[in-house]
Amino acid sequence: MKKKIKCFNSIKELIFNYKFFISKEIKIKGWVKHFRYNCFIIINDGSTINNLQIFIDQKFDSLVKKINIGISIEVIGVLVLSKGKEQNIEIYANKIKIIGKFAPEELQKTILQPKTHSFKKLREQAYLRFRTSIFSSIMRIRHNISFSIHKFFFQKNFIYINTPIITTYDSEGAGEMFRVTNFDLKKIPLNEKGELNNNLDFFGTSTYLTVSGQLQGEAAASGLGKIYTFGPTFRAEKSNTFRHLSEFWMIEPEMSFSKLVHNMNIAEKLLKYVIKFVINNSYEDLFFLEKKNKIKIFKRLNNVLESSFERISYTNAIKILKYSKNGEFLQSINWGEDLKSEHEKFLAENYFNNPIIIYNYPLKIKPFYMRINNDNKTVAAMDIIFPYIGEIIGGSQREERYNVLLKRILELNLNIKSLWWYLNIRRFGSVPQSGFGLGFERLIQYITNIDNIKDVIPFPRYPNHAYF
Ligand code: ATP
Ligand code: MN
């Protein structure tokens, strides 16, 4: 009679249910992480930061010679309680099958060899870094952050929608968008004036990768009430910084019947909800990162949960920057100028030492769709600034008054041909509306305390780098 073997699909599942299977024969698979003494093989399968220890006796001597770090194996063995301090359980192997192998000397060339590699080195083999403890940890946290964002909006009855990736809208900063075309680049059609004949392009006009789904989101919110998007966005800026990617993911809620203060409240609630969820559900991975990088992740995250984000107007922020003694070493700034990241950093990190919300920015430095305040000098904008990361959210109450919006578009000389439909939203039953854009990777960066944004996304895109 065939013995019944319990097959586990993941180490996570096994660790969760181990109490029911002590002394039973089980089957599990994973990649070999390292060896301990001469009698243990340590495997991991990516489902959890926890490894599984396999005890091997002499009968495996010849097989073990063929097993090296990085290869994948299937183990059938008896689940027993471990005598070691580091783990509750281990497997007493009865059968080991090698699934995929490679030569030990190949290992030396990869980041799979068990030692600490720099993030830069891991990035060079980004397709392998999912198998390292640190990067798989970050990816599992990323997953939980994503899930909690959907959960937050689900509970609040927001409708998840998808906005187009290919757009024609190019007025927010034409130079920063990636052009999408199917022109034969060797024979680009030109018109009489020698200009690109965009009418002959695939969509009959020039098209770009989106920098934001906001405008379409507003259209959707104007019927569905409260929506959010969660999708890729693209920026062709040359800025190769620790917090900029050329391709990143953005969460953009858009709410009808909503004004600026409500917008700030929702944004703050969302951030706190996510942090709480992640502390609860990614505890082991966060703990691993805290130990590994010797930083107080939990303390910082709990501080965020316990505080209410300081809300200051742009005008007051300028006052602080001008008159704060410790602000002296900063580049000087006058009312009307955009805050540089060093200013934001000073306010959030040194002055308040907490996330802050800066609102009511000068009209001149913000986009056309933001609602003009009664002073006619500022708009109902709000940015959330986190210590270490800087801007994590940018949002505003939208200009819902058709005439004011039209006037602003004309004043700014924006392309009315591509914005006519957006104006129409405000013609047909307009309501106060607000929303914001949250940079997904910036949030992950803050939560995991990883220095470079390139290390919190599976395959980063940045200038001169589109590998894998
Ligand atoms: P910054 O001044 O930091 O470049 P921004 O003003 O260009 O930001 P928005 O256009 O308001 O940012 O985008 C909304 C959010 O998207 C930002 O608050 C930030 O979290 C995120 N974000 C913006 N640009 C990038 C980028 N290049 N890479 C990753 N995240 C980004
Ligand atoms: Mn930017």
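This text gives an overview of the structure that appears in the document. (Residues numbered from 1 in each chain as written. Chains lettered and ligands numbered in written order. Predicted model: local features only at pLDDT ≥ 70, side-chain atom pairs only at ≥ 80, totals over all residues. Heavy atoms only, no water.)

### Describing the sheet that holds strand 10 (residues 207-209)
Hydrogen bonds along the backbone pair up the strands of a sheet, which may run parallel or antiparallel. Operational definition: For two strands to be treated as a pair, DSSP must find at least two bridges joining them. Numbering of helices and strands runs from the N terminus, with a helix taken as a DSSP run of H or I at least four residues long and a strand as a DSSP run of E at least two residues long.
Within the open sheet, the 3 strands sit side by side as 8-10-9. Their pairing is antiparallel. Either end of the sheet is taken by a strand with one partner, and the two such strands are strand 8 (166-167) and strand 9 (179-180). In this sheet, strand 10 lies alongside strand 8 in antiparallel orientation, the contact comprising 2 bridges. Of the residues in strand 10, the one forming a bridge with T167 is Y208.

### Re the sheet that holds strand 12 (residues 247-256)
Put simply, the test is: By the convention used here, residues are in contact when the closest approach between their heavy atoms is within 4.5 Å. Here an angle of 0 to 180 degrees is reported between the N-to-C directions of two axes, which are lines fitted to C-alpha atoms, with helices fitted over the stretch in contact.
Reading across from one edge, 7-11-12-17-16-15-14-13 is the order of the 8 strands in this open sheet, with mixed pairing throughout. Because the sheet does not close on itself, it has two edges, and the strands there are strand 7 (159-160) and strand 13 (310-313). Pairing analysis gives 9 bridges linking strand 11 (residues 226-234) to strand 12, with the strands arranged antiparallel. Across the sheet, residue T229 finds its bridge partner in strand 12, namely E252. The strands touched by helix 6 (residues 214-224) within the sheet are strand 7, strand 11, strand 12 and strand 17 (433-439), with strand 12 carrying the most contacts at an inclination of about 30°.

### Quick notes on the pattern of salt bridges
Here is the rule we go by: When a carboxyl oxygen of Asp or Glu lies within 4 Å of a side-chain nitrogen of Lys or Arg, that pair is called a salt bridge. Buried, partly exposed and exposed residues are distinguished by accessible area as a fraction of the type maximum, computed with a 1.4 Å probe on protein chains only: under 20%, between the cut-offs, and over 50%, respectively.
Tallying each qualifying case throughout the model produces 20 salt bridges. For E124, the salt bridge is made with K120, and the minimal N-O distance between the two is 3.5 Å. Here E124 pairs with K120, and both are found in helix 4 (residues 119-124), just 4 residues apart, close to one helical turn. The exposure class of E124 is partly exposed, given its relative accessible area of 46%. The exposure class assigned to K120 is exposed, which follows from its relative accessible area of 54%.

### Let's talk about the packing of helix 8 (residues 283-293) against helix 9 (residues 297-306)
This is how the line gets drawn: Under this scheme an angle from 65 to 115 degrees is roughly perpendicular, one under 35 degrees roughly parallel, and one over 145 degrees roughly antiparallel; angles in between are oblique. When residue character is reported, Ala, Val, Leu, Ile, Met, Phe, Trp, Tyr, Cys and Pro are called nonpolar, Asp, Glu, Lys and Arg charged, and the others, Gly included, polar.
Their axes nearest at 9 Å, the elements helix 8 and helix 9 cross at an angle of 120°. Compared by their axis directions, helix 8 and helix 9 come out oblique. Along the contact surface, helix 8 presents Y283, L286, F287, L289 and E290, while helix 9 presents I297, F298 and L301. Each residue belonging to the contact of helix 8 with helix 9 can be placed in one class, and the counts come to 7 nonpolar, no polar and 1 charged.

### What to know about the packing of aromatic side chains
Given two aromatic rings, one states the distance between the centres and the angle between the planes to describe the pair. What counts, and what does not: Centre distance within 6.5 Å is the pairing criterion for rings of Phe, Tyr and Trp, where only the six-membered ring of Trp is used; planes under 30 degrees apart are then read as stacked, over 60 as edge-to-face, and the remainder as tilted.
The tally for this structure, following the rule as stated, stands at 27 aromatic pairs. With 4.9 Å between their ring centres and 35° between their planes, F55 and Y92 make a pair best called tilted. Of this pair, F55 sits in strand 4 (residues 52-55) while Y92 is found in strand 6 (residues 89-100), placing the two residues 37 residues apart along the sequence. A relative accessible area of 36% places Y92 in the partly exposed class. When the centroid spacing of 4.8 Å and the interplanar angle of 75° are considered together, the rings of F202 and F203 count as edge-to-face. Under the relative-accessibility criterion, F203 is labelled partly exposed at 46%.

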